[in-house]
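# Breakdown of the fold
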Amino acid sequence: MRKFLSMFLVLFTATVLNAQGSANTGDIFADNLKIYTAVAVLAIILGFIFFFLFRLEGRLKKLEEGK
Amino acid sequence: MGWLYTKWWKWLCVVLLFYVVIGGMIVPLAPGIPSVSPLTFKPDTLQTFTISGYNTHFTSPQAGKVQLWFKNGSKFYCPQSLKVIDDNTIETTFAVSFAQQDSFERSNFDVVMNNDIDGTFALREAITLIKGKHFTPDTGIVSSKPLYIKQDGQADTMTSFYLHPASTVKDAQICEVEVVKNKHSLFAFPYREILYESVRNTFYHVPMWFIMTTMVLFSLFYSIMYLMKGKMEYDIYASSSVSVAILSGVCGYATGMIWSKYTWFIGMGWGPAIRNMAFQDIKLSGALISVAAYAAYMVLRGSITDEIKRARISAVYNIFAVVIFMLFVFVVPRITDSLHPGNGGNPAFSKYDLDSHLRMFFYPASIGWIMLGFWIMSILIRIKLIEQKREQ
């Protein structure tokens, strides 16, 4: 249950991480470099997910081998 | 199930998703017109419009001649003047005469622009002509300028004003449209009104439902296999894929909620927006029902302690859950009105939704996210198989 709650918390806090301004104002998306911050944050999150999955696989392999 | 342990496709998934996340965010949006100000104009008045461009290159030397037209029906009308302010702003003047006001097919004019870098782009129904009537002597007002007298004192009443007959504004002229380049030469995602920059969410929101559909079909296959052959591994495969299906369904719903809040339900608070999401659009309601049906599957599994009984009952339930999922996500939204593309008569994944640049990221995103779904599922299966082995 705690895992689900933290997952929902992470999903919904994404709404306040508003990296772009209003789309209708005519601001260029990349001009203020916010886009690169958003990309960096996304890449780090994705990197952590992959790292976690690979690490989990390594642990499972050890368990499967009976170590 | 040897593929559960192989690594090449997992590395492929890593490469594809990094490509999608980084590339999909950095590629700019194609040029477009987000706004024109003011939104309305009256006949016999030379009106100055400020046109805001988005990712446009009006002042660039490579842009060549910056052109603008006011399109009504199939006719293109020339502006009276055009002044480039900066890369993203243009000031233009336009007027139609009183005598001409009834000759237009529609009261709305599209603003169409062209230059050699940005190609041709437009804002549909950008400005509206408010038709007027002639000045009558009984109002007792005389003026040398075009004069508007509000009949009932309401400033924004569309038809209740009179024009001075002495106006000298000439008819708007129909233009010959000649362009050097019709399509922009930029590597960019299509500029879609309403969506704007959020079009990038296509790489996240849509593949979530692809994962869910794939996992649901996978679980259906193994539920049937379990009922036919009775092997416990098949129950593990089915239940693990349902877990991933629920996770992707929740992610799909979350990405869709945030997307619709800033597009379909812009200007609404979260409360009314969520009410609209859950109950106004059949596809959203259907998705909610489907995710709930699979959540019930997990509750059902958790409530039965006997392993074989649990596997059998959940396999049978899963077949019904798949029917609910298919019915509410794929069938019902196609026969009723829906805001979603591909439903209620809207086009889906055609030239309106995807162009070649979007496809370069959308297809890898779909494959990458589905692979990630299988990857998570493979880990769940392996954990359950280890648990099963230990129990034995």
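What counts and what doesn't
- Residues numbered from 1 in each chain as written.
- Chains lettered and ligands numbered in written order.
- Predicted model: local features only at pLDDT ≥ 70, side-chain atom pairs only at ≥ 80, totals over all residues.
- Heavy atoms only, no water.
- Helix = DSSP H or I, 4+ residues; strand = E, 2+ residues; numbered from the N terminus.
- Buried < 20%, exposed > 50% of the residue type's maximum accessible area, 1.4 Å probe, protein only.
- Contact = heavy atoms within 4.5 Å.
- Areas by Shrake-Rupley, 256 points an atom, 1.4 Å probe, with all protein chains shown as cover.
- Pairing = 2+ DSSP bridges.
- Axes fitted to C-alpha atoms, helices over the stretch in contact; angles between N-to-C directions.
- Phe/Tyr/Trp six-rings, centres within 6.5 Å; stacked < 30°, edge-to-face > 60°.
- Buried area = accessible area lost by both parts, 1.4 Å probe.
- Salt bridge = Lys/Arg side-chain N within 4 Å of Asp/Glu carboxyl O.
- Parallel < 35°, antiparallel > 145°, perpendicular 65-115°, else oblique.
- Nonpolar A, V, L, I, M, F, W, Y, C, P; charged D, E, K, R; others polar.
- Core = buried A, V, L, I, M, F, W, Y, C linked by side-chain atoms within 4.5 Å.
- Patch = residues over 30% accessible without salt bridge, like charges linked within 9 Å, V, L, I, M, F, W, Y side chains within 5 Å.
- Lys, Arg positive; Asp, Glu negative; His and termini not counted.
- Charge placed at Lys NZ, Arg CZ, Asp CG, Glu CD.
- Disulfide = S-S within 2.5 Å.

### Some words on the overall build of chain B
Secondary structure summary: chain B contains 7 helices and 11 strands in total. For chain B, with 392 residues in total, the buried portion stands at 50%. Sequence separation of at least 24 residues holds for 73% of the intrachain contacts in chain B that already meet a minimum separation of 6. If you sum the accessible surface of chain B, you get close to 18,600 Å²; carbon and sulfur atoms cover 62% of it.

### Description of the sheet that holds strand 3 (residues 47–54) of chain B
Residue and element names in this part refer to chain B. Taken together, 4 strands build an open sheet; the order of strands is 1-3-7-6 and the sheet is antiparallel. Two strands bound the open sheet, and with one partner strand each, they are strand 1 (32–37) and strand 6 (81–86). Ignoring strand direction, the axes of neighbouring strands in this sheet form an average angle of 25°. Across 5 bridges, strand 6 lies against strand 7 (residues 89–94) in antiparallel orientation. Bridging from a neighbouring strand, serine 81 pairs with threonine 93 of strand 7.

### Description of the sheet that holds strand 8 (residues 108–115) of chain B
Residues and elements named next belong to chain B. As summarised here, the arrangement of the 5 strands in space is 2-9-8-4-5, forming an open sheet in which the pairing is mixed. Each having just a single partner strand, strand 2 (40–41) and strand 5 (75–77) make up the two edges of the open sheet. Across 5 bridges, the pairing between strand 4 (residues 67–72) and strand 8 is antiparallel. Bridge pairing in strand 8 places lysine 71 opposite aspartate 110.

### A few points about the packing of aromatic side chains
Centre-to-centre distance and the angle between the planes together describe a pair of aromatic rings. Residues and elements named next belong to chain B. This structure, assessed with the given rule, holds 32 aromatic pairs over all chains. Seen from their ring centres, tyrosine 19 and phenylalanine 361 are 4.8 Å apart, and the 10° between their planes marks the pair as stacked. Here phenylalanine 361 lies in helix 7 (residues 356–391) and tyrosine 19 lies in helix 1 (residues 8–26), a separation of 342 residues in the sequence. On the basis of an interplanar angle of 90° and a centroid distance of 5.5 Å, the ring pair of phenylalanine 189 and phenylalanine 361 is categorised as edge-to-face. Of this pair, phenylalanine 189 sits in the loop between strand 11 (162–163) and helix 2 (202–229) while phenylalanine 361 sits in helix 7, and the two are 172 residues apart along the sequence. Accessibility classification places phenylalanine 189 together with phenylalanine 361 in one group, the buried group.

### A short note on the interface of chain A and chain B
In this complex, chain A contributes 29 residues to the contact, which on the side of chain B involves 41 residues. When chain A packs against chain B, the two sides together hide about 3,100 Å² of surface, and 78% of this comes from carbon and sulfur. At the junction of chain A with chain B, the criterion picks out 3 salt bridges. Its salt-bridge partner being arginine 382 of chain B, residue glutamate 57 of chain A comes within 3.3 Å of it at the nearest N-O pair.

### Comments concerning the environment of phenylalanine 210 of chain B
All names here are of chain B. Tracing the chain through its elements places phenylalanine 210 in helix 2. For the pair phenylalanine 210 and threonine 45, spaced 165 residues apart in sequence, the C-alpha to C-alpha distance is 54 Å. Those residues in contact with phenylalanine 210 that sit more than four places away from it in its chain are Phe362, Ser366 and Ile370.

### Looking at the packing of helix 2 (residues 34–64) of chain A against helix 1 of chain B
For the pair helix 2 of chain A and helix 1 of chain B, interaxial distance at closest approach is 9 Å and the crossing angle is 170°. Of the possible angle classes, the one that applies to helix 2 of chain A and helix 1 of chain B is roughly antiparallel. Here helix 2 of chain A contributes Ile35, Tyr36, Ala38, Val39, Leu42, Ala43, Leu46, Gly47, Phe50, Phe54 and Glu57 of chain A to the contact with helix 1 of chain B, which in turn contributes Lys10, Trp11, Cys13, Val14, Leu17, Phe18, Val21, Ile22, Met25 and Ile26 of chain B. Considered class by class, the residues forming the contact of helix 2 of chain A with helix 1 of chain B number 18 nonpolar, 1 polar and 2 charged.

### A look at the side chain of serine 248 of chain B
Residue and element names in this part refer to chain B. Within the fold, serine 248 resides in helix 3 (residues 232–261). In this structure serine 248 comes out as buried when scored by relative accessible area, which is 4%. Residues within four places of serine 248 in sequence aside, it is in contact with Met208, Ile211 and Met212.

### A few points about the environment of histidine 184 of chain B
Residues and elements named next belong to chain B. Note on placement: histidine 184 falls in the loop between strand 11 and helix 2. Judged by relative accessible area, which is 17%, histidine 184 ranks as buried. Here the alpha-carbon distance between histidine 184 and aspartate 116, two residues 68 residues apart in the chain, equals 7.3 Å.

### Re the nonpolar core
Among the nonpolar cores identified, the biggest contains 81 residues, and Phe203, Tyr294, Trp369 and Trp375 of chain B are the most heavily contacted of them. Elements with a contribution of two residues or more to this core: helix 2 of chain A together with helix 1, helix 2, helix 3, helix 4 (270–279), helix 5 (282–303), helix 6 (307–335) and helix 7 of chain B. Beyond its immediate sequence surroundings of up to four residues, tyrosine 294 of chain B is in contact with Met212, Val216, Val242, Ile246, Asn318, Ala321, Val322 and Phe325 of chain B. Counting residues in each nonpolar core, the second largest holds 23 residues, with Ile33, Ile51, Val111 and Met113 of chain B among its members.

### With respect to the pairing of strand 3 of chain B
Bridge analysis of strand 1 of chain B against strand 3 of chain B gives 4 bridges, and the strand direction is antiparallel. Across the sheet, residue valine 36 of chain B finds its bridge partner in strand 3 of chain B, namely isoleucine 51 of chain B.

### Quick look at a negative patch on the surface
Residues and elements named next belong to chain B. On the surface, Asp306, Glu307, Glu387 and Glu391 cluster together into a patch of negative charge. Positionally, glutamate 307 belongs in helix 6. Take glutamate 307: its relative accessible area is 33%, and that puts it in the partly exposed class.

### Description of a nonpolar patch on the surface
Residues Leu33 and Tyr36 of chain A together with Ile22 and Ile26 of chain B make up a contiguous nonpolar surface patch of roughly 350 Å² in combined accessible area. Within the secondary structure layout, isoleucine 26 of chain B lies in helix 1. On the accessibility criterion, isoleucine 26 of chain B (38% relative accessible area) is partly exposed.

### Thoughts on the state of the cysteines
All names here are of chain B. Counted by the stated rule, this structure contains 1 disulfide over all chains. A sulfur-sulfur separation of 1.4 Å characterises the disulfide bridge that pairs cysteine 78 with cysteine 175. Here the S-S torsion is close to 135°, and the disulfide linking cysteine 78 with cysteine 175 is therefore right-handed. One end of the pair, cysteine 78, is in the loop between strand 5 and strand 6; the other, cysteine 175, is in the loop between strand 11 and helix 2, and 97 residues separate them in sequence. Exposure remark for cysteine 78: the relative accessible area of 26% places this residue in the partly exposed category. No disulfide involves cysteine 13; its sulfur sits 14 Å from that of cysteine 251, the nearest cysteine. On the basis of relative accessible area, cysteine 251 is assigned to the buried category, the value being 18%.

Function cannot be read off these values alone, since they describe shape.
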